[in-house]
Amino acid sequence: MSLTAERHSIPLNDGNTMPLMGIGTYADPKTTPKGLGYESVKVAIDVGYRHIDGALVYFNEHEVGQAIREKIAEGKVKREDIFYCGKLWNTFHPPELVRPSLERTLKTLQMDYVDLYVVELPMAFKPGDTFYPKDDNGKHIFHKTDLCATWEAMEACKDAGLTKSIGVSNFNRRQLELILNKPGLKHRPVSNQIECHPYFTQPKLLEYCRQKEIVVIGYSPLGTSRDESWVNLTCPPLLKDDLLISIGKKYNKTAAQIALRFNVQRGVAVIPKSFNPDRIKENFQIFDFSLTENEMKAIEGLNTNVRFVELKMWGDHPEYPFHDEY
C-alpha cells in the first residue's frame, strides 16, 4: 500500500473509507485556553489532515465544528473530504439516550452527519448530564452496562444517516465478541480506538481486529501528556527513546515522526493531539519515507505491554476493559 499525503485512506468493513492520519482534539477544559481547538483544527486542515477526532466530553466540539465549517466556506475542503469521529459518552449508554447524544454532537458541530460515531468506553455510568457522576463519598456511580442494547441504538443511528459508520473504543476482545456474536447484528463495528504506540504495540488485539476486519485507531500514538491524574507516570517518555531517535537521524525525521510512521505503515490509524502549529505540521510529514522491515521489527521489539492510559479510577467497574490480557 503506497501512502501519500493526499491519499492515505483505508477501507472500512461497511464500504466507507478512513484516512490513516488524523488529529486528536482532546484537551483538559480546565487548563486549555478557549479557541485553541478551533485554531489547531484550522491549521491541521491547511496542512492536509482530513481525519479529525473529537468527542462531546472534550467540551470543545463547538470550536472544532466552527473550524471545519470555516474551511468549507473558504473552499479549502468540501464536507465529504472531512472524516469526523464523534463519541458516545458513558452516561448515555441506555438505548433511548444514544441518538439524542449524537444529535447533541451534530447540533454542537452544526453538521448533518458525522463520519464515525463510536462507543467511547465499554463502561456505563449513571445516566444524565453529569459526565462524571459521584456519590457523597466521591465514589463514581456506575450503571448496569448492556453493550448489545447500546450497540443496537448505534446501528439505528447509522440507519438514520446521522453517522456514516459506527465503531467502538477501548473494547477488549471479549467485549468485541459480545457485539460480533450478537443475534441479529446489522452492522459490525468498523473500528476499535485503543492506546497504541511502540511501547504498547497491542499485537494480540491488533491481530484479532485484523481477522474481524476492524480497523485499529491508535490514540496516544506518541505516548501521552504527563498528567498524573490519569496517566501512568512510571512509563518512560516514548519520544526520548534511543532507537526511535537513531532511526529518525537516518531519515532526517524526529522520534515522533518515526513512531507515527510505524503505526501507519502497519495499517493502524493515528490521531496525535497537538495544539502547537509546528508539531501539527511535523506530525503530518510521514509520507515521504518508509521504514524497512528490519526497522519495523526493531520498533515492535520496544513493546513492553505498559499502558500510559490505565483509567484505574474506574478499575472496579464490571466492564473495566483492561483486566483481560487483551
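Residues numbered from 1 in each chain as written. Predicted model: local features only at pLDDT ≥ 70, side-chain atom pairs only at ≥ 80, totals over all residues. Heavy atoms only, no water.

1. So, unusual backbone geometry
Turning to step 1, where the next piece is worked out: Located in the positive-phi region is S220, a residue other than glycine, with phi close to 50°.
Turning to step 2, where the next piece is worked out: In this fold, S220 is placed in the loop between β9 (215-219) and α7 (242-251).
Turning to step 3, where the next piece is worked out: Relative accessible area serves as the criterion here: at 14%, S220 is assigned to the buried category.
Turning to step 4, where the next piece is worked out: The phi torsion at N305 lies on the positive side, around 55°, for a residue other than glycine.
Turning to step 5, where the next piece is worked out: By secondary structure assignment, the location of N305 is in the segment after α10 (293-300).
Turning to step 6, where the next piece is worked out: Judged by relative accessible area, N305 falls into the exposed class, the value being 54%. (Helix = DSSP H or I, 4+ residues; strand = E, 2+ residues; numbered from the N terminus. Buried < 20%, exposed > 50% of the residue type's maximum accessible area, 1.4 Å probe, protein only.)

2. Describing the side chain of S101
Turning to step 1, where the next piece is worked out: Structurally, S101 can be placed in helix α3 (residues 95-109).
Turning to step 2, where the next piece is worked out: Looking at S101, its side chain comes within polar contact range of the side chain of Y117, at 3.1 Å.
Turning to step 3, where the next piece is worked out: Excluding residues that lie within four positions of it along the chain, S101 makes contacts with L56, L88, F92 and Y117. (Polar contact = N/O pair within 3.5 Å; in protein donor to acceptor, adjacent residues only side chain to side chain. Contact = heavy atoms within 4.5 Å.)

3. Section: the packing of helix α5 (residues 173-180) against helix α6 (residues 203-211)
Turning to step 1, where the next piece is worked out: Relative to each other, α5 and α6 sit at 15°, their axes nearing to 11 Å. Relative to α6, α5 is oriented roughly parallel. In terms of crossing hand, the pair formed by α5 and α6 is right-handed. Each of R173, L176, E177 and L180 in α5 lies in contact with α6, whose residues at this interface are L205, Y208 and C209. (Axes fitted to C-alpha atoms, helices over the stretch in contact; angles between N-to-C directions. Parallel < 35°, antiparallel > 145°, perpendicular 65-115°, else oblique. Left-handed = near helix turned anticlockwise from the far one by under 90°.)

4. Considering the environment of F262
Turning to step 1, where the next piece is worked out: Looking at the element boundaries, F262 is found in helix α8 (residues 255-265).
Turning to step 2, where the next piece is worked out: By relative accessible area, which is 0% here, F262 ends up buried.
Turning to step 3, where the next piece is worked out: A C-alpha to C-alpha distance of 35 Å links F262 and F125, two positions 137 residues apart in sequence.

5. Regarding helix α4 (residues 147-159)
Turning to step 1, where the next piece is worked out: For α4, with 13 residues, the first-to-last C-alpha span of 18 Å sits near the 18 Å given by 1.5 Å per residue.
Turning to step 2, where the next piece is worked out: Counting buried residues in α4 gives ten out of 13 residues, a clear majority hidden from the surface.
Turning to step 3, where the next piece is worked out: Along α4, the residues that are buried comprise L147, C148, A149, T150, W151, A153, M154, E155, C157 and K158.
Turning to step 4, where the next piece is worked out: Taken together, the buried residues of α4 touch β5 (83-88), α3, β6 (114-119), β7 (163-169) and α5.
Turning to step 5, where the next piece is worked out: Positive phi appears at G161, one or two residues downstream of α4, with a value of about 80°. (Expected span 1.5 Å × (residues − 1).)

6. A look at the packing of α3 against α4
Turning to step 1, where the next piece is worked out: Two elements in contact, α3 and α4, have axes whose closest approach is 8 Å; the angle formed by their N-to-C orientations is 40°. When the axis of α3 is compared with that of α4, the two are oblique. Considering how the two elements wind past one another, α3 and α4 form a crossing that is right-handed. The segment α3 lies against α4, with P95, V98, R99 and L102 engaging A149, T150, A153, M154 and C157.

7. Topic: the nonpolar core
Turning to step 1, where the next piece is worked out: In this structure, I52, I68 and L291 are the most contacted members of the largest nonpolar core, which totals 98 residues.
Turning to step 2, where the next piece is worked out: Among the elements that make up this core, the one with the highest residue count is α8 (seven residues).
Turning to step 3, where the next piece is worked out: Look past the residues within four positions of I68 in its chain and what remains in contact with it is V41, I45, I52, I82, Y84 and M111. (Core = buried A, V, L, I, M, F, W, Y, C linked by side-chain atoms within 4.5 Å.)

8. As for empty space enclosed by the protein
Turning to step 1, where the next piece is worked out: Taken as a whole and assessed by the stated rule, the structure comprises one cavity of 30 Å³ or more.
Turning to step 2, where the next piece is worked out: Of the volumes computed, that of the largest cavity is approximately 80 Å³.
Turning to step 3, where the next piece is worked out: In terms of residue class, the lining of the largest cavity is made up of seven nonpolar, three polar and two charged. (1 Å grid on protein atoms, 1.4 Å probe; cavity = no way out; pocket = protein on both sides within 12 Å on 5 of 7 lines; lining within 4 Å. Points joined across faces, edges and corners; volume = space filled by probe spheres on them. Nonpolar A, V, L, I, M, F, W, Y, C, P; charged D, E, K, R; others polar.)

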